[in-house]
Amino acid sequence: MDSQTLLERFTSGDLRALARAITWAESGHPAGAELLRELRGRGNSRVVGLTGSPGAGKSTLTDRLIEEARRRGERVAVLAVDPSSPFTGGAILGDRIRMMRHYHDSGVFIRSLASRGALGGLAGAVVGALALLEAFGFERIFVETVGVGQSEVDIARVADTTVLVLTPAAGDAVQAFKAGVMEIADVFVVNKFDLPGGERVIQELKTTLELAPPRPGGWKPPVLSAVGSRGEGITELLDAIDRHYAHLQEHGLLEGGRLERARFEVESVIQEWGRRRTREGQDLITQVASGELTPEEAATRLLSNPEMSR
Ligand SMILES: Nc1nc2c(ncn2[C@@H]2O[C@H](COP(=O)(O)OP(=O)(O)OP(=O)(O)O)[C@@H](O)[C@H]2O)c(=O)[nH]1
Ligand SMILES: [Mg+2]
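All residue numbers here refer to positions counted from 1 along the written sequence of the relevant chain. Whichever chain is written first becomes A and whichever ligand is written first becomes 1, with later ones labelled in order. At least 70 in pLDDT is required for a residue's local features to be given in this predicted model, at least 80 for side-chain atom pairs to be given and counted, and no such filter applies to totals for whole chains, interfaces and linings, which use all residues. To obtain the side-chain values, all non-hydrogen atoms of the structure were included, while hydrogens and water were left out.

**Here we look at the overall build of the protein chain**
For helices the rule is a DSSP run of H or I covering at least 4 residues; for strands it is a run of E covering at least 2, with both sets numbered from the N terminus onward. Within the protein chain, the regular secondary structure consists of 14 helices and 7 strands. Taken across its 310 residues, the protein chain has 48% of its residues classed as buried. By the convention used here, residues are in contact when the closest approach between their heavy atoms is within 4.5 Å. The long-range fraction of contacts in the protein chain, counting pairs at least 24 apart against all pairs at least 6 apart in sequence, stands at 77%. Surface accessibility in these figures is a Shrake-Rupley result with a 1.4 Å probe; residues are shielded only by whichever protein chains are displayed. Surface exposure of the protein chain reaches about 15,000 Å², of which carbon and sulfur atoms provide 53%. Throughout, exposure labels follow a simple rule: accessible area from a 1.4 Å probe, protein chains only, divided by the maximum for the residue type, with under 20% read as buried, over 50% as exposed, and the rest as partly exposed.

**Topic: the packing of helix 1 (residues 3-11) against helix 2 (residues 15-27)**
Between helix 1 and helix 2, the least distance of the axes is 8 Å, while the angle of their chain directions is 135°. The orientation of helix 1 with respect to helix 2, classified from their angle, is oblique. Where helix 1 crosses over helix 2, the two elements pack in a sense that is left-handed. Contact residues: Ser-3, Leu-6, Arg-9 and Phe-10 in helix 1; Ala-17, Leu-18, Arg-20, Ala-21 and Trp-24 in helix 2. Throughout this entry, Asp, Glu, Lys and Arg are counted as charged residues, while Ala, Val, Leu, Ile, Met, Phe, Trp, Tyr, Cys and Pro are counted as nonpolar. The remaining residues, Gly among them, count as polar. Taken together, the residues that form the contact of helix 1 with helix 2 break down as 6 nonpolar, 1 polar and 2 charged. Every angle, taken between N-to-C directions, lies between 0 and 180 degrees, and every axis is a line fitted to C-alpha atoms, over only the stretch in contact when it is a helix. For this classification, under 35 degrees means roughly parallel, over 145 means roughly antiparallel, 65 to 115 means roughly perpendicular, and everything else is oblique. In this scheme the handedness of a crossing depends on how the near helix is turned from the far one: anticlockwise by less than a right angle means left-handed, clockwise means right-handed.

**Let's talk about unusual backbone geometry**
Of note in the backbone geometry, Lys-192 takes a positive phi value of approximately 60° without being a glycine. Relative to the helices and strands, Lys-192 resides in the loop between strand 6 (187-190) and helix 10 (198-211).

**Examining helix 1**
Taken together, the buried positions of helix 1 are occupied by Ser-3, Leu-6, Leu-7 and Phe-10. The buried residues of helix 1 all sit within an arc of 100° when viewed along its axis, so they share a single face. At the C-terminal side of helix 1, Gly-13 shows a positive phi close to 90°. Relevant arc is that of directions from the helix axis to the C-beta atoms, nothing else.

**A short note on the packing of aromatic side chains**
Stacked, edge-to-face and tilted labels apply to pairs of Phe, Tyr and Trp rings (six-membered ring for Trp) whose centres lie within 6.5 Å, assigned for plane angles under 30 degrees, over 60, and everything in between, in that order. Scanning all chains against the criterion turns up 3 aromatic pairs. With a centroid separation of 6.2 Å and 35° between ring planes, the pair formed by Phe-109 and Phe-138 is classed as tilted. Taken together, the residues Phe-109 in strand 3 (residues 108-113) and Phe-138 in the loop between helix 6 (121-136) and strand 4 (140-146) connect sequence positions 29 residues apart. Note on Phe-138: relative accessible area 1%, which makes it buried. Three or more aromatic residues link up through ring pairs in this structure, and these residues are Phe-10, Phe-109, Phe-136 and Phe-138. A cation over a ring is seen here: Arg-75 above Phe-138, with NZ or CZ 5.3 Å from the ring centre. By definition, being over a ring means that NZ of Lys or CZ of Arg is both within 6 Å of the ring centre and within 35 degrees of the ring normal.

**So, the environment of Arg-46**
Relative to the elements of secondary structure, Arg-46 occurs in strand 1 (residues 46-52). Separated by 96 residues in the primary sequence, Arg-46 and Phe-142 have C-alpha atoms spaced 8.4 Å apart. Apart from the residues within four sequence positions on either side, Arg-46 is in contact with Glu-139, Arg-140, Ile-141, Asp-160, Asp-242 and Tyr-245. Polar side-chain contacts of Arg-46 include one of 2.9 Å to the side chain of Asp-242. By the criterion applied in these results, polar contacts are pairs of N or O atoms within 3.5 Å in which, for protein atoms, one can donate a hydrogen and the other can accept it, and in which residues neighboring in sequence qualify only through two side-chain atoms.

The following block contains the structure:
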């Protein structure tokens, strides 16, 4: 299929065309880039990032949030991002099964991304897919990503609202401080509240947040509880997410967020070019190792060599 045909099917609302478009964008297919050029900037979705340690319950909560958002009449897309594996790994398979019950609902689109093949790496693939989902007309997009250390996909930079999913497990809140996710989350939710210790984690979080520097527009991140497996706390969670979005609107902060996403996208492309060229420039790397060249000299040569692929 050529990109013109795909564009026509895409704009007529064909879900298979959307799936194909994301695959093209993900793999760095030239037609994908063409399509993105055409479609970027269309639509207007509320992008919600869910992050948290492995097994915290992100997929379970997302599944319930889909249900709630559908009840509110929104069309919903989900991107499950797996930075830990270059292949479609076990975790994503689990997500698929967890959210399977929505597959027959044409108002729900679920997609996993794990490819590193795209021009901007995985991060670039995510932002590209977001642009396509927005242009397709979804009112709500959930992006699930494991928050392990310095995640390749910096979810807070692409989402309007970032939700940090924690559990009552000892040390979970402490881990969050260390990883620096405390500062970037707009909404906190302690999932698995059926397990002991939840109340203590909530208190810890609240105390720490009181000492944190003020947020743009004076936003006070709420700390909620949920039992994802039973669907408890979901209405409150989606309400809190929407309150944050309303806050962004009221304080004129949405525009800045979109600029940040674009900046992140450009940075991702530059990083990916850097990675590729570094792999191709083995001679120069060897010279850096032996002290013949400084890293700056090698980098300058790598970046200015027109022979290399982008
Ligand atoms: N007790 C309890 N278990 C839960 C709750 N929510 C989810 N779980 C369970 O926790 C496990 C992990 O849930 P997931 O939703 O897959 O967690 P995740 O954060 O998406 O995991 P990864 O994507 O692998 O990082 C599953 O076995 C869920 O059934 C909860 O509220 N209480
Ligand atoms: Mg998951």
